[in-house]
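Fold and contact review
Read off the chains here:
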Amino acid sequence: MTAPFRGTTPQQRDPQALVAKPIFDWFFAFAVVAVIVLYVRALAFTPPDALQGLAQKIYYVHIAAWLGAYTAIGITALMSIVYLWLHDERADRLGEASAEVGLVFLTVGLTTGTIWAHRIWGAWWVWWDMRLTLTLFLWFIVAAYLVLRGGIEDPGMRGRYSAVLAVLAALLIPFIHLSVYLFSARLHPMPVALQPGRPKMSPEMLTTFLGSFVAFIILCIALIRARYRLGVLRDIASAAEIDGDAR
Amino acid sequence: MNELRAPGTLSAAWLLARKDLAIEFRTRTAFFSALVFAILALCIFYFAWDQSIVAPSELAPGVLWVVLTFSALLGLQRSFGLEEHDRGIDALLVSPVSRESIYLGKAIGNLLFLSAIQAVTIPALALFYNLPVGRPLLVVTGIVLLAMIGIVAVGTLFSAMAVNTRMAELLLPMLSLPFFVPILMSAAQIATRTLAGRPMSESAPYLKILIAFDVVFVVACTLAFPFTLEE
Amino acid sequence: MPSAFPAVDVSGVSRTFGRRRAVDGVDLTLHAGDCLALFGPNGAGKTTLMRVVAGLLTPTTGSVHVGGRSLRGDAAARAQVGLISHQSMLYRALTARENVEFAAKLYGVPDPRAAAMRALERIRIADRADSPVRALSRGLQQRVSIARAIVHEPSVVLLDEPYTGLDAAGGAALTDMLHLLRAAGASMILVTHNVEEGLAVASHAAVMIAGRIVRRDTCALVDARTYAGEYRALVVA
């Protein structure tokens, strides 16, 4: 077995330099600007959808948020495997940061999804929509991941437990997907005219749409990066606390 | 000194399971509380629906799965709690017994515990909800067994994790329930069809999911268990 | 038992929890029949070291070998070790005999029931064999725990504060048992606060402070009273 922790610890990378850095995060600011630019374009300069009207505008948040969520959760799953393999605490911290950001994006995706469903399908929640149902269960699993992490003091154990949960959840997703699919296929055929994933788009809409993907991926990475750095600072702070106890 | 022959994986697992059941038999608290809970829940659910709209026999499968899930959580809760109290788990870990057999032993113990509860709950369900006794009920019992294997496989692992955290009582359901979703969805579908007298071929895809889940998670959780131990 | 390997070989062992370093570069070698008394104040890392030696914790750096083998993943090597720790490791609902018998079965001891009774007799608690553990006092539970740890006649015995909670009779029974085990060729590490008690049974002594071994002695060459005074001075400093 390998030792619980390996790799560069934050102390070795000179904590003073990290702490002394200015609060202003240029990358995060860039992400915010990108999102603002995108929405000005989406709301003011992109024509509304012929069929769905203004409700279609929610796509520019909704689909992009899901993309961000799945990116973040994918990173968590990947980092969990890396952690179980190499026991590198950086993988653990990145996994945690991505999970938290993923939960935020999932929440945005679910909220906008229900609003859209209400407007177009006439119901706030539809169990037979696979994406909505699957995302809801994903939300529960990510929430459990974060609660689990909050309940463990020892960093090594916290890393291993949450990584085990993430890996098992990766195995679980296909099963939920399959059973929700069978469940919904029996009840309702998918609405063909209003497939939310395949709207008929004008070139302007498509540009805005792809732009929203780019803006949200940048935002997702900026948030994960900021959260990761917070994790580093927190670990330095708790180490300082322990050093203080020892003296 | 002497070279002893330590028990193999399966005999060690059975040794552990028997020890857990002996403790259970001696104290009986968890068993009785889970059993009383299960039957009480059966009765309460009966009144939660309007019987003039939904026939009790149509309600029965749903009630069965809800009761199964929550009585399983009650039993799983104490599985590793038992080891934690005076660190009995340490004695197991320093012994020549393998980590996999510790997990399997715990899982077998939990499966038998849960089976004993279901052995009373299913007849009680048939009694209270006027289910016809016969082949469909037997098929449902088989499905319950398949569902329990999956529930116990995942639940035993999470029980081992939850005891080492603060708020173990909250975490075990929170971790386990999302994993029970595919089991419950498919098991409930099969049970509803079977009790409605539909042919078994209609339930085949659900049965496949159930069996695949059992196989995948028994293997995955056995492999994952060593990671949940202190290192 | 002549062997090319030392009974216990701890080399360069460190163990950190997060960023806290509980054990810091410890080297220890025990030959067959050696008994090391390990003294140290609370929080010195003695218990962590014992758990690393027992294979319950992996060392962050360094290695532990028992009879030339690593305990992790080697069932036959683990079968040679007995551990007595702070916690009793007993199941409260089962009787004393059932607990010890269960341990004997884990190790594949032939005729586990008879072996369990023998172990309970050695620590003089056979008369309470059929009492459930929860009905026994702390000191009696400790005796059952000791019986559980030696039922498979280990060649290496790790004792973490074994005298805690024992009354005079229990302490005497334990001391007698340790002498018998040593005579049979077993090696031991005995962690304790009590210098007189430790020196009475040990062949070697070491003092551990803040994760490091700061002093080593051979028991035959030290005077118990002087040693106790010097130890106190070390701990206070």
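Going by the structure above, here's the rest.
Residues numbered from 1 in each chain as written. Chains lettered and ligands numbered in written order. Predicted model: local features only at pLDDT ≥ 70, side-chain atom pairs only at ≥ 80, totals over all residues. Heavy atoms only, no water.

**Topic: the overall build of chain A**
- Regarding its fold elements, chain A presents seven helices and zero strands.
- When the helices and strands of chain A are listed from N to C terminus, the series reads α-α-α-α-α-α-α.
- Within chain A, buried positions represent 49% of all 247 residues.
- Long-range contacts, defined here as pairs at least 24 residues apart, represent 79% of the contacts in chain A between residues at least 6 apart.
- Surface exposure of chain A reaches about 12,100 Å², of which carbon and sulfur atoms provide 72%. (Helix = DSSP H or I, 4+ residues; strand = E, 2+ residues; numbered from the N terminus. Buried < 20%, exposed > 50% of the residue type's maximum accessible area, 1.4 Å probe, protein only. Contact = heavy atoms within 4.5 Å. Areas by Shrake-Rupley, 256 points an atom, 1.4 Å probe, with all protein chains shown as cover.)

**Comments concerning the interface of chain B and chain A**
- Taken residue by residue, the interface counts 33 residues in chain B and 31 residues in chain A.
- In total, about 3,000 Å² of surface goes out of reach between chain B and chain A, with carbon and sulfur atoms giving 78% of it.
- When the area that chain B buries against chain A is broken down by residue, the three leading residues are Met185(B), Phe227(B) and Glu231(B), summing to 20%.
- Where chain B touches chain A, the interface holds one salt bridge.
- Of the charged contacts, one joins Arg166(B) and Glu153(A) as a salt bridge, the two residues approaching to 2.7 Å between their closest N and O atoms.
- Our enumeration of links across chain B and chain A arrives at seven residue pairs in polar contact (both at pLDDT 80 or more).
- For the side of chain B that touches chain A, the elements supplying multiple residues, two or more each, are α7 (135-162), α8 (168-195) and α9 (204-224) of chain B.
- For the side of chain B that touches chain A, the class distribution of residues is 25 nonpolar, four polar and four charged. (Buried area = accessible area lost by both parts, 1.4 Å probe. Salt bridge = Lys/Arg side-chain N within 4 Å of Asp/Glu carboxyl O. Polar contact = N/O pair within 3.5 Å; in protein donor to acceptor, adjacent residues only side chain to side chain. Nonpolar A, V, L, I, M, F, W, Y, C, P; charged D, E, K, R; others polar.)

**What to know about the packing of aromatic side chains**
- What the rule picks out here adds up to 21 aromatic pairs over all chains.
- Between Trp26(A) and Phe27(A), the aromatic rings sit 5.5 Å apart at their centres with planes inclined by 80 degrees, giving edge-to-face as the arrangement.
- Residue classification places Trp26(A) among the exposed residues on the basis of a relative accessible area of 58%.
- Relative accessible area serves as the criterion here: at 18%, Phe27(A) is assigned to the buried category.
- Look at Phe158(B) and Phe179(B): their rings are 5.2 Å apart centre to centre, the planes differ by 65 degrees, and that puts the pair in the edge-to-face class. Highlighted residues: Phe158(B) in helix α7 and Phe179(B) in helix α8, separated in sequence by 21 residues. Accessibility assignment for this pair places Phe158(B) and Phe179(B) in one class, buried.
- Grouped by ring-pair contacts, the aromatic residues Phe175(A), Phe158(B), Phe179(B), Phe213(B) and Phe217(B) constitute a single cluster.
- A cation over a ring is seen here: Arg28(B) above Phe25(B), with NZ or CZ 4.8 Å from the ring centre.
- Its end group placed over the ring of Phe80(B), Lys106(B) keeps NZ or CZ at 5.3 Å from the ring centre. (Phe/Tyr/Trp six-rings, centres within 6.5 Å; stacked < 30°, edge-to-face > 60°. Lys NZ or Arg CZ within 6 Å of the ring centre and 35° of its normal.)

**Describing the sheet that holds strand β8 (residues 204-209) of chain C**
Residue and element names in this part refer to chain C.
- With mixed pairing, six strands are arranged side by side in an open sheet as β5-β6-β7-β3-β8-β9. Lying at the two open borders of the sheet, with one neighbouring strand each, are β5 (81-84) and β9 (212-218). Here the strands of the sheet are splayed against their neighbours by 15 degrees on average, with no regard to which way each runs.
- Strand direction decides the pairing type here: β5 and strand β6 (residues 156-160), joined by four bridges, are parallel. Residue pairing for β6: valine 81 is matched across the bridge by valine 156.
- Running over the sheet, helix α1 (residues 46-53) touches β3 (35-39), β6, β7 (187-192) and β8 and is turned about 155 degrees from β6. (Pairing = 2+ DSSP bridges. Axes fitted to C-alpha atoms, helices over the stretch in contact; angles between N-to-C directions.)

**A few points about the interface of chain B and chain C**
- On the side of chain C, 40 residues touch chain B, which itself brings 33 residues to the contact.
- Counting each side, the surface lost to burial between chain B and chain C is near 3,200 Å², with a carbon and sulfur contribution of 58%.
- Remark: the boundary between chain B and chain C carries three salt bridges.
- Ionic pairing is found between Glu98(C) and Arg26(B), a salt bridge with its closest N-O pair at 2.7 Å.
- Applying the counting criterion to the chain B and chain C interface returns nine residue pairs in polar contact (both at pLDDT 80 or more).
- Of all elements in the fold, only α1 (9-27), α4 (81-84) and α5 (88-94) of chain B reach the threshold of two or more residues within the side of chain B that touches chain C.

**Observations concerning helix α4 (residues 89-120) of chain A**
- Between its terminal C-alpha atoms α4(A) stretches 46 Å, which fits the 46 Å expected from 32 residues at 1.5 Å a residue.
- Immediately beyond the C-terminal end of α4(A), within one or two residues, lies Gly122(A), with a positive phi of roughly 85 degrees. (Expected span 1.5 Å × (residues − 1).)

**Comments concerning the pairing of β7(C)**
All names here are of chain C.
- Of all six residues in β7, six are buried; the element is thus mostly enclosed.
- Note that β3 and β7 share five bridges and pair parallel. Residue pairing in the sheet places alanine 37 in a bridge with leucine 190 of β7.
- Relative to β7, β6 runs parallel, the two sharing five bridges. When the sheet's bridge partners are listed, valine 157 is paired in β7 with methionine 188.

**Some details on the packing of helix α3 (residues 56-79) of chain B against α8(B)**
Residue and element names in this part refer to chain B.
- Two elements in contact, α3 and α8, have axes separated by 9 Å at closest approach and are oriented at 150 degrees. If you check the angle between α3 and α8, you find them roughly antiparallel. Judged by the twist between their axes, the crossing of α3 over α8 is right-handed.
- Taken together, the residues that form the contact of α3 with α8 break down as 14 nonpolar, four polar and one charged. (Parallel < 35°, antiparallel > 145°, perpendicular 65-115°, else oblique. Left-handed = near helix turned anticlockwise from the far one by under 90°.)

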